[in-house]
Amino acid sequence: MAVNLLDFDLEGLAAFCAGLGEKRFRAVQLYRWIHQKGQADFEQMSDLAKSLRGKLAGLAGVSAPPLISEHISADGTVKWLFDVGDGNAVETVYIPEADRGTLCVSSQAGCAVGCRFCSTGHQGFSRNLRSSEIIGQLWFAEHRLRQTLKLPEGQRAIDNVVMMGMGEPLQNYDALLPALRTMLDDHAYGLSRRRVTVSTSGVLPMIDRLRVDCPVALAVSLHAGEDGLRDSLVPLNRKYPIAELMAACLRYLETAPRDFITLEYCMLDGVNDSPEQAAALVQLVRRHRLSCKFNLIPFNPFPASGLLRSPADRVQAFARVLQEAGIVTTVRKTRGDDIDAACGQLAGEVQDRTNARERLARQRVVIPIGSAAPAPAAGSLR
Ligand code: SAH
Ligand code: SF4
């Protein structure tokens, strides 16, 4: 298969171009065409030397994973399902808010961590996404949205990216890194480091590498303040227990673009939602002197989990304990409920095609394969 140029960050693209005898500024031009303009057709890259266009045509392409479907929620949330081969699919969610547009990006097909409350985890691990499949989600979504929202030239649709879709990003570090660099690069999306968030269940060695290689905002999925309970919710805790996780968070703050770590906490009825458990969290972060914010996520139930969502008043009471201790705490609003786009509901249901079809039929807007207008000039290698 031809080389997919979405696999490269700028340094990678420069090296690829050097291999073709081309100077770095040519790589910059090419990179800008691809990411800033969403252009995949080398012939349309008008200021690119004809000789380079000719070389590229035979060797390379620009291709995001093929789109399976697009669903638009009543609240403006959009969910795309992408085919990543061998019966696997991954999901990407766009969440519009008054002051910003957020894209929730997947890093793996399935996930090996296997958290009890997570639908992706229940699905098991299929494979790591390539860099092109990670950045391809942003490439596709940004240019698709500019077109469908009819944004004026130069205005971007997405200014916030959270690696909170399917998969554990820090278990796919080598592919994640070039994708993060392209998100941040001024010749590509130029996102602020504060507005690119890696969310992790706590892969400690990789938190330490990220802090050196590409410090972006960090969210840690905590879900419990003591090891026994966290072991049972997030199996990775047996390898990297809470005290070590807290220490890694403190180290991360030395280079982080924000002066706090976001701690995510999925609220599970009768499991981790008592006021005493909230008080224990206060003790935990005080003991470690960790500067943090809590983000409480109402659990999005799915049948196989056997778990229930905490009632709203219990979530509020929990939040109050943290807030009264001076810890900034927010409760995540659930968006895109009607299209199953909420946290932890992303399962890339394409393996069971009958089920997927039935689900698609129930949803508001369905654009089946083939009829979706691609992003402007989105091309394909396939
Ligand atoms: N693997 C990474 C990122 C993907 S999950 C991580 O675990 O952090 C993104 C967030 O969704 C995590 O905080 C995760 O705990 C949360 N989540 C998973 N399943 C959920 C569910 N069913 N309801 C609510 N939040 C869930
Ligand atoms: Fe994997 Fe995150 Fe789901 Fe846990 S919550 S199974 S780490 S995707």
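Brief notes about the layout of surface pockets
Of the voids in this model, the second largest pocket is the one considered here, and its volume is about 390 Å³. Gln-36, Lys-37, Arg-146, Glu-153 and Gly-154 are, among the 19 residues lining the second largest pocket, the residues nearest its centre. Elements that contribute at least two residues to the lining of the second largest pocket include exactly helix H2 (24-37) and helix H5 (131-148). With five residues, the top contributor of residues to the lining of the second largest pocket is H5. Among the residues making up the lining of the second largest pocket, the classes are represented as eight nonpolar, six polar and five charged. Composition of the lining of the second largest pocket by domain shows at least three residues from each of domain 1 (3-61) and domain 2 (67-362).

Some remarks on the site of ligand 1
If you check the shell around ligand 1, you find 20 residues, and the closest are Phe-117, Ser-199, Ser-221, His-223 and Asn-300. Between Glu-168 and ligand 1, the recorded distance is 3.3 Å, taken from a side-chain N or O atom to a nitrogen atom. Contact distances for ligand 1 include 3.5 Å between an oxygen atom and a backbone N or O atom of Thr-200. Within the complex, 95% of the 530 Å² of free accessible area of ligand 1 lies under protein. At the level of elements, strand E10 (196-200), strand E12 (261-267) and strand E13 (292-298) are the ones that each hand at least two residues to the shell around ligand 1. Residues belonging to the shell around ligand 1 are distributed by class as follows: nine nonpolar, nine polar and two charged.

Side note on the nonpolar core
Core analysis: the biggest nonpolar cluster contains 111 residues, and Leu-5, Leu-30, Leu-56, Trp-80, Phe-117, Leu-210 and Phe-294 have the highest contact counts within it. If you count residues domain by domain, this core takes at least three from each of domain 1 (3-61) and domain 2 (67-362). Discounting chain neighbours no more than four positions away, the residues touching Leu-30 are Leu-5, Leu-13, Cys-17, Phe-42, Met-45, Leu-48 and Leu-56. Core analysis: the second largest hydrophobic core is formed by six residues, Cys-104, Val-162, Met-164 and Ala-219 among them.

Description of the packing of aromatic side chains
Throughout the structure, instances matching the rule amount to six aromatic pairs. A network of ring pairs unites the aromatic residues Trp-80, Phe-82 and Phe-140 as a single cluster. Its end group placed over the ring of Trp-33, Lys-37 keeps NZ or CZ at 4.6 Å from the ring centre. For the cation-ring pair, Lys-293 lies above Phe-260, with the distance from its terminal atom to the ring centre recorded as 4.1 Å.

Looking at the pattern of salt bridges
Scanning the model with the defined rule gives 16 salt bridges in all. Salt-bridge contacts for Glu-11 lead to Arg-24; the nearest nitrogen and oxygen are separated by 3.2 Å. Taken as a pair, Glu-11 in helix H1 (residues 10-19) and Arg-24 in helix H2 lie far apart in primary sequence, 13 residues in all. Given the relative accessible area of 43%, Arg-24 is considered partly exposed. Asp-159 is paired through a salt bridge with Arg-195; the nearest N and O atoms lie 3.7 Å apart. With Asp-159 in the loop between H5 and strand E9 (160-163) and Arg-195 in the loop between helix H6 (173-184) and E10, this residue pair connects regions lying 36 residues apart in the sequence. Judged by its relative accessible area of 26%, Arg-195 falls in the partly exposed class.

Focus on the packing of helix H7 (residues 204-213) against helix H9 (residues 242-253)
Orientation of H7 relative to H9, taken along the N-to-C sense of each, is 5 degrees, at an axis distance of 9 Å. With respect to H9, the axis of H7 lies roughly parallel. Contact with H7, carried on its side by Leu-204, Ile-207, Asp-208, Leu-210 and Arg-211, involves Glu-244, Leu-245, Ala-248, Arg-251 and Tyr-252 of H9 and no other residues of that element. Here the contact of H7 with H9 is built from residues that sort into six nonpolar, no polar and four charged.

Details of H6
Here H6 spans 16 Å end to end across twelve residues, near enough to the 16 Å set by a 1.5 Å rise per residue. Listed as buried for H6 are Tyr-173, Ala-175, Leu-176, Leu-177, Pro-178, Ala-179, Leu-180, Thr-182, Met-183 and Leu-184.

Topic: the environment of Asp-174
Mapped onto the elements, Asp-174 comes out in helix H6. Looking at Asp-174, the relative accessible area reads 62%, which means it is exposed. Taking the C-alpha atoms as reference points, Asp-174 and Ser-131, 43 residues apart in sequence, are found 8.2 Å from one another.

Considering H2
Its 14 residues place the ends of H2 19 Å apart at the C-alpha level, agreeing with the 20 Å of an ideal helix rising 1.5 Å per residue. Looking at the packing, one finds that the buried side of H2 touches H1, helix H3 (50-59), H5 and H6. Immediately downstream of H2, the backbone of Gly-38 shows phi near 70 degrees, a positive value.

Digging into the sheet that holds E10
Judged by pairing direction, the sheet is mixed, and its ten strands sit side by side in the order E3-E4-E5-E6-E9-E10-E11-E12-E13-E14 without closing on themselves. In the strand order of this sheet, the two ends are held by strand E3 (67-72) and strand E14 (329-331), each with one partner. The sheet shows a mean angle of 20 degrees between the axes of neighbouring strands, direction not considered. Where E10 lies against strand E11 (residues 217-221), four bridges are found, and the strand directions are parallel. Counted as the bridge partner of Thr-200 is Val-220 from E11.

Definitions and cut-offs
Counting restarts for each chain, with residues numbered from 1 along the sequence as it is written. For naming, the first written chain is A and the first written ligand is 1, with later ones following in the order written. Only residues with pLDDT of at least 70 get local features here, since the model is predicted, and only at 80 or more are side-chain atom pairs given and counted; chain-wide, interface and lining totals rely on the full set of residues. To obtain the side-chain values, all non-hydrogen atoms of the structure were included, while hydrogens and water were left out. The distinction between a cavity and a pocket rests on a 1 Å grid over the protein atoms alone: a 1.4 Å probe fits inside a cavity but cannot get out, while a pocket stays open yet meets protein on both sides within 12 Å along at least five of seven lines, and a residue with an atom within 4 Å of a point counts as lining. Grid points are joined across faces, edges and corners, and a volume is the space filled by probe spheres set on the points. Numbered from the N terminus, helices here are DSSP runs of H or I no shorter than four residues, and strands are runs of E no shorter than two. Under this grouping Gly is polar, as are all residues other than the nonpolar Ala, Val, Leu, Ile, Met, Phe, Trp, Tyr, Cys and Pro and the charged Asp, Glu, Lys and Arg. All domain edges in this entry derive from an automatic or database-based domain assignment. Neighbouring residues are identified by heavy atoms, a residue being near a molecule or strand if any of them is within 4 Å of it. In protein, a polar contact requires one atom able to donate a hydrogen and another able to accept it; more generally it is a pair of N or O atoms within 3.5 Å, and residues adjacent in sequence count only if both atoms are side-chain atoms. All accessible-area figures derive from a Shrake-Rupley calculation using a 1.4 Å probe, and residue coverage is judged against the displayed protein chains alone. The nonpolar core is taken to be a set of buried Ala, Val, Leu, Ile, Met, Phe, Trp, Tyr and Cys residues, with the residues joined through side-chain atoms within 4.5 Å. We call a residue buried when its accessible area falls under 20% of the maximum for its residue type, exposed when it is over 50%, and partly exposed in between, using a 1.4 Å probe and counting protein chains only. When checking whether two residues touch, look at their non-hydrogen atoms; a contact exists if any pair is within 4.5 Å. Stacked, edge-to-face and tilted labels apply to pairs of Phe, Tyr and Trp rings (six-membered ring for Trp) whose centres lie within 6.5 Å, assigned for plane angles under 30 degrees, over 60, and everything in between, in that order. By the criterion adopted, a ring carries a charge over it if an Arg CZ or a Lys NZ lies within 6 Å of its centre and within 35 degrees of its normal. Throughout this description, the term salt bridge denotes a Lys or Arg side-chain nitrogen within 4 Å of a carboxyl oxygen of Asp or Glu. Axes here refer to lines fitted to C-alpha atoms; in helices the fit is confined to the stretch in contact. Angles between the N-to-C directions go from 0 to 180 degrees. In these notes the angle categories are as follows: under 35 degrees is roughly parallel, over 145 is roughly antiparallel, 65 to 115 is roughly perpendicular, and the rest is oblique. By definition here, a helix of n residues has an expected span of 1.5 Å times n minus one. Following DSSP output, two strands are said to pair if at least two bridges run between them.

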